[in-house]
Amino acid sequence: MFMATLKVKLRPSKVEGKAGVIYYQITHNRKTRQITTRLRVCSADWDAEEEKLVQVTPNRSIIQNRIDSDVTLLRRVILDLDSCGMDYSVNDIINRYKSPKSNIPVLDYMCTQVEQLRATNRLGTAKNYEKTISSFGEFLGDVRLPLSALTEQVITDYNTFLVQRGLVRNSVSFYMRVLRAIYNKAVRQKLIEQQHPFTEVYTGIDRTRKRAVSESIIAQLHRLELEAETPLAFCRDLFIFSYCTRGMAFVDIAYLKKNNLQNGIICYARRKTGQLLSIRIEPSIQRIIDRYTESDSPYVFPILSSLDASEAYREYQTALNTHNRLLGRLSEILGCGCKLTSYTSRHSWATAARNHNVPISVISQGMGHTSEQTTQIYLTMLENSVIDDANKGIIECLE
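Residues numbered from 1 in each chain as written. Predicted model: local features only at pLDDT ≥ 70, side-chain atom pairs only at ≥ 80, totals over all residues. Heavy atoms only, no water.

### Some words on the overall build of the chain
Line of reasoning, step 1. A tally of helices and strands in the chain yields 15 helices and 8 strands.
Line of reasoning, step 2. The 399 residues of the chain split such that 43% are buried.
Line of reasoning, step 3. Of the contacts made within the chain by residues no fewer than 6 positions apart, 55% connect residues no fewer than 24 positions apart.
Line of reasoning, step 4. Of the accessible surface of the chain, which amounts to about 22,700 Å², a share of 49% is contributed by carbon and sulfur atoms. (Helix = DSSP H or I, 4+ residues; strand = E, 2+ residues; numbered from the N terminus. Buried < 20%, exposed > 50% of the residue type's maximum accessible area, 1.4 Å probe, protein only. Contact = heavy atoms within 4.5 Å. Areas by Shrake-Rupley, 256 points an atom, 1.4 Å probe, with all protein chains shown as cover.)

### Points about the packing of aromatic side chains
Line of reasoning, step 1. Applying the stated criterion across every chain, the model contains 13 aromatic pairs.
Line of reasoning, step 2. Each ring, one from tyrosine 183 and one from phenylalanine 198, has its centre 5.9 Å from the other, and the planes form 70 degrees; the classification is edge-to-face. Here tyrosine 183 is found in helix 6 (residues 169-188), whereas its partner phenylalanine 198 is found in the loop between helix 6 and helix 7 (215-223), with 15 residues between them in sequence. Each member of the pair, tyrosine 183 together with phenylalanine 198, is buried.
Line of reasoning, step 3. Site record: aromatic cluster; members linked through ring pairs are Phe136, Phe139, Tyr158 and Phe161.
Line of reasoning, step 4. Arginine 11 extends its terminal NZ or CZ atom over the ring of tyrosine 23, reaching a point 4.5 Å from the ring centre.
Line of reasoning, step 5. The lysine or arginine in question, arginine 169, covers the ring of tyrosine 202, its NZ or CZ lying 3.6 Å from the ring centre. (Phe/Tyr/Trp six-rings, centres within 6.5 Å; stacked < 30°, edge-to-face > 60°. Lys NZ or Arg CZ within 6 Å of the ring centre and 35° of its normal.)

### Considerations on the pairing of strand 1 (residues 5-11)
Line of reasoning, step 1. Judged by which residues are buried, strand 1 turns out to be one-sided: Leu6, Val8 and Leu10 face inward and are buried, whereas Thr5, Lys7, Lys9 and Arg11, on the alternate face, are not.
Line of reasoning, step 2. The sheet contact formed by strand 1 and strand 2 (residues 20-28) spans 7 bridges and is antiparallel. The partner of valine 8 across the bridge, within strand 2, is tyrosine 24. (Pairing = 2+ DSSP bridges.)

Structure below.
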């Protein structure tokens, strides 16, 4: 008994000028079978001797990577069957190759992950996955790339695709991080073997423009005279509430329920990470809570009304857009030369804590970060005046 042989061939189209079809020819024990693919290639773009596409072929990397992954999978199936020490047929090879577990398309797998996220009410993450599905699907075109074909070259080409469309580094990194999370889950489920295809692309978060404002501006906003029971006053109070609760994210404020308040403590799980946090309710926090708590609502603030997960998430998105729009108006009223957003309170609390000599480890724990590296992103931008003063002192030592 000899090991099966495998060849990659092109079946030319009978119509002149049309692309032919790639197929895999498997021979074993004098029996030959073919596996026809959906990959179409023109005869001029195929190197029959090398059994691969010529270098100048359009979309070469995607098609060639699909071929390479199929060949790798077929050879692994053959090797596994050989190692069993039992006789097998060409049909056994093809049946194993075509098993659903071996050939799950990337986009199909991603869609199943979206369904699971929605089932567990992780709607924000599901939305991020859907954005990535749309983007990666546009990159793939008509190619149904299997998980096993998610190689380093494919990821590099996708990275180039995003850059050529004008995406900034953080936006490119967003798609790469989502895709990496999906890939790693497939590895954990033993659907594919870990090949570390993301080592050559950027998956970090660049330092962005400074989002924090000084404590004096926070105090100015707190004292700002606004007509009570107006959207603008509510927006201001939510911002101050966030600042006073160690930068509680707007999504966590929106979903905060009365049963999260017990014995003078706010206990809640961050929707982003699931990390449990507890915050002592100081008088300034209690005053804001008392101002808006409605007796017939399970929520602390009148932001959400529905208990249905999908409807509540839509309400949250609408409320977030309104909140940021009103914060823009408050920025103009303050005339502080900065633009307040829902992130500003969180960044500002972190910066204020650092300026009060609170250790980064404590700031990180207080904000519910999973690592101090995340906290560092919030604290990377020191005030230029502080740096200039330090530099002045250094220079004066030379005089």
